[in-house]
Amino acid sequence: MSLCLSSVAFADAGVLIRPHAGFGSMDGNSYQHAGMRLLFDASSEKKYGLELTRVNTKQGDYLAAGIVLEKKVNGWFNLSIGTIGYLGVNSTTANVPGLVANLGWEPETNGAFKPFVTLRNDILFGDKTRAGTALSAGVAMKF
């Protein structure tokens, strides 16, 4: 028995580390986030990976961890969605499941550093569903 791996599947293989930070509004109050994504190439337009982000809200602080999927359309428009666990940082903040979605600008560059700006949406499903919208920016590094 032989194992055959397609060279096409690994042709664009690479790792992208994408630190990000931003601020916005959640349920009428300001909130901030800072963290990073570790992304792997699925194709030239699609990526998958993990997100780890600190989210600070008026209702409590969370460590958001989960799986994200990204797609780039027309060479610059970034779309992403992910299932996230919002883990309460202190004992009074409950752990809740949620979703994260981003829409934004990520220009095509030839260098290792890739800037981006997105509109980030966090949705937390707890006793009450809370939704936040933030402006998020950063610089990705491709390896």
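Summarised in this report is the structure supplied together with it.

Moving on, we get to the overall build of the protein. Looking only at helices and strands, the protein features zero helices and eight strands. Its helices and strands in sequence order give the protein the pattern β-β-β-β-β-β-β-β, from N to C terminus. For the protein, the spread of C-alpha atoms along the three principal axes comes to 55 × 40 × 20 Å. Each of the 143 residues in the protein was classed as buried or not, and the buried ones make up 35%. Pairs at least 24 residues apart make up 47% of the contacts formed inside the protein by residues separated by at least 6 positions.

Moving on, we come to the side chain of Glu-51. Within the element layout of this structure, Glu-51 appears in strand β3 (residues 46-57). For Glu-51, a relative accessible area of 2% corresponds to the buried category. Among the polar contacts listed, one links the side chain of Glu-51 to the side chain of Arg-37, at a separation of 2.7 Å. Within polar-contact distance, the side chain of Glu-51 engages the side chain of Arg-120 at 2.9 Å. Non-local contacts of Glu-51, meaning those with residues more than four positions away in its chain, are made with His-20, Met-36, Arg-37, Ala-64, Ala-65, Gly-66, Val-68, Ile-84, Val-100 and Arg-120.

By size, the foremost hydrophobic cluster in this structure holds 15 residues, and its most contacted members are Val-55, Tyr-62, Ile-84, Tyr-86 and Leu-124. When residues in this core are grouped by element, the largest group, three residues, is from strand β4 (residues 60-73). Those residues in contact with Ile-84 that sit more than four places away from it in its chain are Glu-51, Ala-64, Ala-65, Gly-66, Val-68, Val-96, Pro-97, Gly-98 and Val-100.

Moving on: the environment of Leu-119. Mapped onto the fold, Leu-119 is located in strand β7 (residues 113-125). Classification of Leu-119 as partly exposed rests on a relative accessible area of 42%. Residues Leu-119 and Ala-101, spaced 18 residues apart in sequence, show a C-alpha to C-alpha distance of 8.3 Å. Excluding residues that lie within four positions of it along the chain, Leu-119 makes contacts with Ala-101, Asn-102, Leu-103, Thr-133 and Ala-134.

Scoring rules and cut-offs
- Counting restarts for each chain, with residues numbered from 1 along the sequence as it is written.
- Confidence filtering applies because this is a predicted model: local features only for residues at pLDDT of at least 70, side-chain atom pairs given and counted only at 80 or more, and all residues used for totals across whole chains, interfaces and linings.
- For side-chain calculations, the full set of non-hydrogen atoms in the structure is used, while hydrogens and water are omitted.
- Helix numbering and strand numbering both begin at the N terminus, where a helix is a DSSP run of H or I of at least 4 residues and a strand a DSSP run of E of at least 2.
- Accessible area is worked out with a 1.4 Å probe on protein chains only. A residue is then buried under 20% of its type maximum, exposed over 50%, and partly exposed in between.
- In what follows, a contact means two residues having at least one pair of non-hydrogen atoms within 4.5 Å.
- Counting of polar contacts relies on pairs of N or O atoms within 3.5 Å, with two restrictions inside protein: one atom must be capable of donating a hydrogen and the other of accepting it, and residues adjacent in sequence are counted only when both atoms are side-chain atoms.
- Among buried residues, those of type Ala, Val, Leu, Ile, Met, Phe, Trp, Tyr and Cys that are joined through side-chain atoms within 4.5 Å constitute a nonpolar core.

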